[in-house]
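Breakdown of the fold
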Amino acid sequence: MWNVACERRTLTQASTRRDRNAEATRQVIMQAGRELFAIQPYSETTGLQICVRAGVTRGALQHHFGSKLGLFTAVFDGLQSDVVSRIADALADHDDPWEQARAAIVVLLDVSTDAEYQAVVLKQASAAIGWQQWRERYRDNFADVVRELIGSFAAAGLIKHSPAMLTATMHGALTELSFEIARANDPPHARTAALALLDEMMSKFRELVSDPPQQETDPNHRHRGGR
């Protein structure tokens, strides 16, 4: 008599194996896309080139990503996800909100010097997926991290402006500086200059939101004319 439990186990193992194979194929295509998009324009990259580099059929590309654009979008999100993970790790190393903010800034500026991230996220994405779509995906990918940072500042009583306005200010400054680093002839030098500027801005902002020191009254002080 056929063992039902054995049959179920066999089917489960087969399904698991197929899932592993499918995920492996997906990752191979993703890696091929990352490599190609990093070294040549999106408009000049073809689906055939991607398939040849990945060693898969066009059907596999279509099955996992739908199209070249679908793959590019997945690569974009994957690179952003990596950065978010790095920022989360950096935040976990600090308790002070100011130190957390600076740690996040350092990660974002550092990644802006990476050639692959520059090519895909900062140089090609706006043309490949559209400027509005770029803005939305870029903002959404960092939304949780930004909320955590703003929450830390709010909990410490350091926000004296609208959280939405503060978020927009941080996002705008970091985005534009990232573009400047990507366009620079010497990205590492540009990154150092950007961090110095942001350190100065954060120092001024910290002075604005911090309570002014209370002046101590000298018990020995006497007003003129007093005895």
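Along every chain, residues carry numbers that run from 1 in the direction the sequence is written. Residue-level local features of this predicted model are given only where pLDDT is at least 70; pairs of side-chain atoms are given and counted only at 80 or more, and the full residue set underlies all totals for whole chains, interfaces and linings. The side-chain values count all of the structure's non-hydrogen atoms but skip hydrogen atoms and water molecules.

Quick word on the overall build of the protein
Just so we agree on the cut-off: Secondary structure is summarised from DSSP: a helix means a run of H or I of at least four residues, a strand means a run of E of at least two, and numbering begins at the N terminus for each.
Looking only at helices and strands, the protein features 10 helices and 0 strands. Across the protein, helices and strands are ordered from the amino to the carboxyl terminus as α-α-α-α-α-α-α-α-α-α.

A few points about the environment of alanine 119
We apply this condition: We call two residues contacting when some pair of their heavy atoms lies within 4.5 Å.
Assignment of secondary structure puts alanine 119 in helix H6 (residues 115–129). Sequence-wise, alanine 119 and arginine 34 are 85 residues apart; in three dimensions their C-alpha atoms are separated by 9.6 Å. Every residue in contact with alanine 119, bar those within four places of it in the chain, is listed here: Phe37, Ala38 and Gln124.

Considering the packing of aromatic side chains
Our working definition: Within 6.5 Å between ring centres, the rings of Phe, Tyr and Trp (the latter by its six-membered ring) count as paired, and their orientation is classed by plane angle as stacked under 30 degrees, edge-to-face over 60, tilted in between. When accessible area is computed with a 1.4 Å probe and restricted to protein chains, residues below 20% of their type maximum are described as buried, those above 50% as exposed, and intermediate ones as partly exposed.
As enumerated under the stated definition, the model contains 9 aromatic pairs in all. Seen from their ring centres, phenylalanine 37 and phenylalanine 72 are 5.0 Å apart, and the 70 degrees between their planes marks the pair as edge-to-face. Pair noted here: phenylalanine 37 is in helix H1 (residues 4–39) and phenylalanine 72 is in helix H4 (residues 68–92), with a separation of 35 residues, a long-range link. With relative accessibility at 0%, the residue phenylalanine 72 sits in the buried group.

Description of the pattern of salt bridges
Formally: The salt bridge criterion pairs a side-chain nitrogen of Lys or Arg with a carboxyl oxygen of Asp or Glu, the two atoms within 4 Å.
Tallied over the entire structure, the rule returns 9 salt bridges. Here arginine 139 and aspartate 140 are joined by a salt bridge, their closest N and O atoms 3.5 Å apart. With relative accessibility at 46%, the residue arginine 139 sits in the partly exposed group. Residue aspartate 140 is classed as partly exposed on the basis of its relative accessible area of 48%. Ionic contacts of the salt-bridge type, sharing partners, join the residues Arg34, Asp82 and Glu116 into one network.

A look at the environment of leucine 48
For leucine 48, the position within the fold is in helix H2 (residues 47–54). On the accessibility criterion, leucine 48 (44% relative accessible area) is partly exposed. With 13 residues separating them along the chain, leucine 48 and leucine 61 place their C-alpha atoms 9.5 Å apart.

Some remarks on the side chain of threonine 73
For threonine 73, the location among the structural elements is in helix H4. With residues near it in sequence (within four places) discarded, threonine 73 still touches Ile129 and Arg137.

Regarding the packing of H4 against helix H7 (residues 131–141)
As a reminder, the rule being used: Angles shown run from 0 to 180 degrees and are taken between the N-to-C directions of axes, each axis being a line fitted to C-alpha atoms and, for helices, limited to the stretch in contact. Note that the term roughly parallel is reserved for angles under 35 degrees, roughly antiparallel for angles over 145, roughly perpendicular for angles of 65 to 115, and oblique for everything else. Put simply, a crossing is left-handed when the front helix is turned counterclockwise from the back one by less than a right angle, and right-handed when it is turned clockwise. Charged residues are taken to be Asp, Glu, Lys and Arg, nonpolar residues to be Ala, Val, Leu, Ile, Met, Phe, Trp, Tyr, Cys and Pro, and polar residues to be all remaining types, Gly included.
At a closest axis distance of 10 Å, the pairing of H4 and H7 adopts a crossing angle of 30 degrees. Judged on the interaxial angle alone, H7 and H4 are roughly parallel. Our pair here, H4 against H7, has a crossing hand that is right-handed. Taking contact as the criterion, the partners of Thr73, Phe76, Asp77, Gln80 and Val84 in H4 are, on H7, Trp134, Arg137, Tyr138 and Asn141. Tallied by class, residues from the contact of H4 with H7 come to 4 nonpolar, 3 polar and 2 charged.

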